[in-house]
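Per-entry structural report
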Amino acid sequence: MFIRCHLDLANIDYNKIILYGMHVGHSFLNSVFYTAWLVYTYTQNILIINLFKTLRGFRSGLTSIIAAVNTYNPIWFINLDQSAAISIKFLAISCGEFSATSFWINGFISNYISIYNTYYKLRKISWFAYPTRNKNVNDSYNFWYFTRCTWPRTSFISNVSCSYQPAKESSYLGIPCLGIVDTNTYTHVVSIPIPGSDDSIDCLVFYNSYISKFILLRKNNLILYWYFNTRKI
C-alpha cells in the first residue's frame, strides 16, 4: 500500500477559500490588462477571480514539483513580502526545502555559488576579527539557507507583485516558476501563473501550506516505494 502522491484538489474546502477572500481581486483602476483572462466577473467595481482557473493552475504546476522531488532537487519558497515571512520559512523547513523571504540580490540564482562563498567568508571574518559574534554580518547571513550550492529545480512565489525579480530570473534560466498572480500583477513574468488573491495573509499561508503538504506526501511516497522494493523477502 502506498500513500497517494497527490492531493485531491476536489477535496479543498471551498468555504474556507471564500472566507479567506481568495477570489477577491482589485478594482478596475488598480488592475492591469494582462490579467483579463483570470477574471470571472465583477461586482461593485471589484474584479472576481475565476477559482476554476486557480485549480487548473495548481494542477499544471504540481507536475514540475513532482519532477523536482523525484530527482532530489531543491524547491525554493520565495516571497519578499514581510507579512507572512515567518510562516513561509516554517513551512519550507517543515517539508525539507528552502526559502527566501527577506531580500533578493539581483542575479542571485545565476550567481548562487559566488554569493554563497562571499557570505561564508564574511561570516568567518566576523568570527576572527571580533571576540564576540558580529551581529550585523551574521544576521544578514541567516536570512538565507545556504545548504546546497545548486539552482532550484522549481520555485514557488506566493506573491508575484512583490517578487518580480526572482520570477524574471527563474523564467530567464528556464526554471519552472509557480506564481500566485492577482489582478494587479503582470502574469507574463512567471511560467506557470496561478490566479488568486495575494493581499491576505491567510491566503499566502494557505498556498504555501498546500505546496508544503504536497511535497511531504510525495517524499513519503518515495520513501515507501524504496522500502518495499529494497527489503529482503
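First, a word on scope: everything that follows refers to the structure included in this document. (Residues numbered from 1 in each chain as written. Predicted model: local features only at pLDDT ≥ 70, side-chain atom pairs only at ≥ 80, totals over all residues. Heavy atoms only, no water.)

Of regular secondary structure, the protein chain possesses 7 helices and 8 strands. Within the protein chain, the fraction of its 233 residues that count as buried is 45%. Sequence-distant contacts, at least 24 apart, represent 63% of the contacts inside the protein chain between residues at least 6 apart. Just so you have it, the protein chain exposes about 12700 Å², and 60% of that area is on carbon and sulfur atoms. (Helix = DSSP H or I, 4+ residues; strand = E, 2+ residues; numbered from the N terminus. Buried < 20%, exposed > 50% of the residue type's maximum accessible area, 1.4 Å probe, protein only. Contact = heavy atoms within 4.5 Å. Areas by Shrake-Rupley, 256 points an atom, 1.4 Å probe, with all protein chains shown as cover.)

Counted under the stated rule, the structure contains 8 aromatic pairs. For the pair F58 and Y207, a centre-to-centre distance of 6.4 Å together with 40 degrees between the ring planes defines the contact as tilted. Note that F58 is positioned in helix α2 (residues 51-70) and Y207 in helix α7 (residues 201-230), a separation of 149 residues in sequence. For F58, a relative accessible area of 3% puts it in the buried group. Overall, the relative accessible area of 0% leaves Y207 in the buried class. (Phe/Tyr/Trp six-rings, centres within 6.5 Å; stacked < 30°, edge-to-face > 60°.)

Tracing the backbone shows G96 in the loop between α3 (85-94) and β5 (98-100). In sequence terms G96 and S212 are 116 residues apart; their C-alpha atoms lie 8.9 Å from each other.

Here the focus is unusual backbone geometry. Positive phi values are uncommon outside glycine, yet Q44 reaches one of about 55 degrees. Its place among the elements puts Q44 in the loop between β2 (39-43) and β3 (46-49). Phi is positive for N45, close to 65 degrees, though the residue is something other than glycine. Relative to the elements of secondary structure, N45 occurs in the loop between β2 and β3.

This part is about the sheet that holds strand β6 (residues 154-157). Sheets are built from strands paired through backbone hydrogen bonds, the pairs being either parallel or antiparallel. Read from one edge to the other, the open sheet built from 5 strands follows the order β5-β4-β6-β7-β8, with strand pairing classed as parallel. Where the open sheet ends on each side, the last strands, each with one partner, are β5 and β8 (192-195). This sheet shows a mean twist of 20 degrees between the axes of neighbouring strands, independent of strand direction. In this sheet, β6 lies alongside strand β4 (residues 75-78) in parallel orientation, the contact comprising 4 bridges. Considered in β6, the bridge of I78 is made with I157. Its contacts with the sheet put helix α6 (residues 164-172) on β4, β6 and β7 (177-181), and the angle it makes with β6 is roughly 155 degrees. (Pairing = 2+ DSSP bridges. Axes fitted to C-alpha atoms, helices over the stretch in contact; angles between N-to-C directions.)

Next up on the list: the nonpolar core. The biggest cluster of nonpolar side chains holds 27 residues, and the ones touching the most others in it are I65, F77, Y207, I211 and I215. Elements with a contribution of two residues or more to this core: α2, β4, α3, β7, β8 and α7. The residues contacting I211, other than those within four sequence positions of it, are F58, L62, I65, F77 and F156. Core analysis: the second largest hydrophobic core is formed by 17 residues, W76, F98, I109 and A167 among them. (Core = buried A, V, L, I, M, F, W, Y, C linked by side-chain atoms within 4.5 Å.)

By the element assignment, N50 lies in the loop between β3 and α2. In contact with N50, other than residues within four places in its own chain, are L38 and Y40.

Listed in full, the buried residues belonging to α6 are P166, A167, E169 and S170. The buried side chains of α6 occupy one side of the element, clustering within an arc of 165 degrees when seen end-on. Contacts from the buried residues of α6 go to β4, β6 and β7. Among the residues trailing α6, G174 stands out with phi positive, at a value near 75 degrees. (Arc of directions from axis to C-beta.)

The next thing to look at is the sheet that holds β3. One open sheet holds the 3 strands; their spatial order is β1-β3-β2, and the pairing between them is antiparallel. Looking along the sheet, the strands with just one partner apiece sit at the ends: β1 (24-27) and β2. On average, adjacent strands in this sheet sit at an angle of 30 degrees to one another, irrespective of strand direction. Note: β1 against β3, 2 bridges, orientation antiparallel. Its bridge partner being in β3, S27 is matched across the sheet by I46.

No statement about biological role is implied by the geometric values presented.
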